[in-house]
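# Fold and geometry: a report
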Amino acid sequence: MKIEKGNYLFRIIMILITAGLIAFAFIHSSMTADDSGAESAATMGVLQSILNSLGIDFELTDHIVRKIAHFTEYTAIGIMLMNTAYSFNKSRPYLFFPHILFAGLFTAVIDEAIQLNVPGRAGLITDVLLDFLGVITGIIVMFVILIIYKVIRKKRR
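Below: a short report on this structure. (Residues numbered from 1 in each chain as written. Predicted model: local features only at pLDDT ≥ 70, side-chain atom pairs only at ≥ 80, totals over all residues. Heavy atoms only, no water.)

In contact at an axis separation of 9 Å, helix H4 (residues 97-116) and helix H5 (residues 125-156) are set at 150° when each is read in the N-to-C sense. Classified by chirality, the crossing of H5 by H4 is right-handed. Packed against H4, whose contacting residues are Phe97, Ile100, Leu101, Gly104, Leu105, Ala108, Val109, Asp111 and Glu112, the element H5 presents Asp127, Val128, Asp131, Phe132, Val135, Ile136, Ile139 and Phe143 at the interface. Across the contact of H4 with H5, the residue classes break down as 12 nonpolar, one polar and four charged. (Axes fitted to C-alpha atoms, helices over the stretch in contact; angles between N-to-C directions. Helix = DSSP H or I, 4+ residues; strand = E, 2+ residues; numbered from the N terminus. Left-handed = near helix turned anticlockwise from the far one by under 90°. Contact = heavy atoms within 4.5 Å. Nonpolar A, V, L, I, M, F, W, Y, C, P; charged D, E, K, R; others polar.)

Below is the structure:
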């Protein structure tokens, strides 16, 4: 696999943002059950207010909010892993798919393993699968965006 020479600043920024998102996930996994529960409750209150203001009659639960958080967090990680791959090879970032998938799965496994050592928390295989689905979704979303970007850029030339 060929790594293109290019904008090193862009590459460094992508790596740092990706690492920051992974650190964010790990920090949240290391929170105690009480702290995590309080954060989820606050988030649930905000989301419920938004739904109510939109006239949507749906009652959120702690479980739903936590699962949405897992999926969303790992979708963002998948997007950034894809951006990082793009920073290394703009013409063929898909060459990094195996690496991206492994990094996303490995991150999800470590994230849940961290929770095994936190009082009141549990690492769940279902959360690993949900996290990995988020990574795959993020990769697909970013890949589609990159294709659209290339098509638009090609038409402008």
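So much for the structure itself; the text now carries on.
Another point: a nonpolar patch on the surface. On the surface, Val46, Leu47, Ile50, Leu54, Ile56 and Phe58 cluster together into a nonpolar patch covering about 530 Å² of accessible area. By the secondary structure assignment, Leu47 is in helix H2 (residues 33-53). A residue is classified by how much of its surface remains accessible, and Leu47, at 32% relative accessible area, is partly exposed. (Patch = residues over 30% accessible without salt bridge, like charges linked within 9 Å, V, L, I, M, F, W, Y side chains within 5 Å. Areas by Shrake-Rupley, 256 points an atom, 1.4 Å probe, with all protein chains shown as cover. Salt bridge = Lys/Arg side-chain N within 4 Å of Asp/Glu carboxyl O. Buried < 20%, exposed > 50% of the residue type's maximum accessible area, 1.4 Å probe, protein only.)

Further remarks concern the packing of aromatic side chains. Here the structure, examined in full by the defined rule, presents four aromatic pairs. Both rings, one in Phe97 and one in Phe143, keep their centres 5.5 Å apart while their planes meet at 70°; by these two values the pair is edge-to-face. Of this pair, Phe97 sits in helix H4 while Phe143 sits in helix H5, placing them 46 residues apart in sequence. Residue Phe143 is classed as partly exposed on the basis of its relative accessible area of 26%. Seen from their ring centres, Phe102 and Phe106 are 5.7 Å apart, and the 20° between their planes marks the pair as stacked. Of this pair, Phe102 and Phe106 both sit in helix H4, separated by four residues, roughly a single helical turn. The exposure class of Phe102 is exposed, given its relative accessible area of 57%. (Phe/Tyr/Trp six-rings, centres within 6.5 Å; stacked < 30°, edge-to-face > 60°.)

Take the environment of Leu124 next. Turning to its location among the elements, Leu124 is positioned in the loop between H4 and H5. Through-space distance from the C-alpha of Leu124 to that of Ile110 is 11 Å; in sequence the pair is 14 residues apart.

Moving on, we get to the nonpolar core. Core analysis: the biggest nonpolar cluster contains 16 residues, and Tyr74, Ile77, Met82 and Ile100 have the highest contact counts within it. The set of elements that each furnish at least two residues to this core consists of helix H1 (8-29), helix H3 (62-88), H4 and H5. Broken down by element, this core gets its largest block of residues, six residues, from H3. Apart from residues no more than four positions distant in its own chain, Ile100 is found in contact with Leu81, Met82, Ala85 and Ile139. (Core = buried A, V, L, I, M, F, W, Y, C linked by side-chain atoms within 4.5 Å.)

Going through the model one piece at a time under the given rule, you end up with two salt bridges. A salt bridge links Asp62 to Arg66; the nearest nitrogen and oxygen atoms lie 2.9 Å apart. One end of the pair is Asp62 and the other is Arg66, both in helix H3 and four residues apart, which spans about a single turn. Asp62 gets classed as partly exposed once you look at its relative accessible area, which sits at 32%. A salt bridge links Lys67 to Asp127, with the nearest nitrogen and oxygen atoms 2.4 Å apart. Remark: Asp127 occurs in helix H5 and Lys67 occurs in helix H3; sequence separation between them is 60 residues. With relative accessibility at 5%, the residue Asp127 sits in the buried group.

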